[in-house]
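Working through the structure, step by step
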Amino acid sequence: MVLRFLPSMAFIALAAIMFPSHGFANDSQTNKSSDEWVGSLDAYGGVNFNGTQTWTYGSVTTEKWDGGDFGLSAHASHKLGDRMSVQIDASAQTARYDYKSTRVTDTWTYYGSAIHGTYQLSDSLYVGPIGSVGQVDYSLAGTSGYGMLGLEAIYFSGDYRLYAQAGQVMAASGVDAHHAVRDNYAILLASYYFNPNLALSGSVGFDRYTSDDQNTWYNPALQTRFGARIDYKPESMPFTLYASFSSSRGNGDFNSGADTFKASSNYLYLGLSLPFGVSTIKDSQRRVGLVDLNPVYGQFDH
């Protein structure tokens, strides 16, 4: 239960850090005040649609679903010197799945807090570790808590940005901990800036879910994810608007391989980001552009 309150405490800390800042600095001011905190507060909502899962358990069964999502996140970054910086995040999201044939509704509520440390190897390349804790409340399956450790790298070149992250999520409490659930993942995100306030991004990711209990569903499971996103900051406005689409395809087995499972899902989001201490999308993604992308409780779908 403690994990549930960590994002709330992180939101309070992030708000305290960001709201006393010196307003919406321009890029030259940002460069001169690198010892200050910069960050963003984000809100987003959307739909998951045309979700399908098919499994064999004596016979072939197919279920379809639609639903809706809503979430909040906060991010704050601080330079610790000429080459080192730290970023902290907090997020909360709820997702509803309406299963069509069984007429059952399942609601998943996610909470997460993350910390990133980066070291600037050159003018273009940043690397560092990421760690996070999170919790998912499954309305039909109880609550599970998790921890994650990983590595990430960011490369900037002119109007391009590459962002890679890989890690392992391990269940720490709840039913998933009882089954010793683990999820190894890797994701690559590429962005192009048409101008400092208009960016187009694409991503591709993979993850492999395993459990010590060979009778659990999706064990092992392989999943592929891909997505696209556009960010736009209207001239003279303090906020950024974005729209994103993502899709995933997965398959696995359970009952020691006797039965199989396949699933697909699609997500469409609209969001708003309110930055602090930076004035353009390009500068924001350079100064405070890291995200916990783990596929269990992170912000992997938007």
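Quick look at the structure, then. These figures come from a predicted structure and were not determined experimentally.

Focus on the overall build of the protein chain
When helices and strands are counted, the protein chain shows four helices and 12 strands. The buried share of the protein chain, reckoned over its 302 residues, is 47%. Here the contacts in the protein chain between residues at least 6 apart in sequence split such that 61% fall between residues at least 24 apart. Surface exposure of the protein chain reaches about 14100 Å², of which carbon and sulfur atoms provide 62%.

Here's the deal with helix α4 (residues 281–288)
Every α-helix winds through 3.6 residues per turn, so residues three or four apart in the chain are directed the same way. Across the eight residues that make up α4, a large majority, six, are buried. Taken as a whole, α4 has its buried residues at I281, D283, S284, Q285, R287 and V288.

Considering the packing of aromatic side chains
Tallied over the full model, the rule gives 12 aromatic pairs. Ring centres of Y97 and W108 lie 5.0 Å apart, and the angle between their planes is 55°; on these two criteria the pair is classed as tilted. Taken together, the residues Y97 in strand β3 (residues 84–99) and W108 in strand β4 (residues 105–120) connect sequence positions 11 residues apart. Classification of Y97 by relative accessible area gives buried; the value is 5%. Residue classification places W108 among the partly exposed positions, given a relative accessible area of 24%. An aromatic cluster is present here, built from W65, Y97, Y99, W108, Y110 and Y138 joined pairwise through their rings. Its end group placed over the ring of Y242, R229 keeps NZ or CZ at 3.6 Å from the ring centre. Positioned above the aromatic ring of F156 is the side chain of R286, whose terminal nitrogen or guanidinium carbon lies 4.3 Å from the ring centre.

Calculation criteria
Residues numbered from 1 in each chain as written. Predicted model: local features only at pLDDT ≥ 70, side-chain atom pairs only at ≥ 80, totals over all residues. Heavy atoms only, no water. Helix = DSSP H or I, 4+ residues; strand = E, 2+ residues; numbered from the N terminus. Buried < 20%, exposed > 50% of the residue type's maximum accessible area, 1.4 Å probe, protein only. Contact = heavy atoms within 4.5 Å. Areas by Shrake-Rupley, 256 points an atom, 1.4 Å probe, with all protein chains shown as cover. Phe/Tyr/Trp six-rings, centres within 6.5 Å; stacked < 30°, edge-to-face > 60°. Lys NZ or Arg CZ within 6 Å of the ring centre and 35° of its normal.

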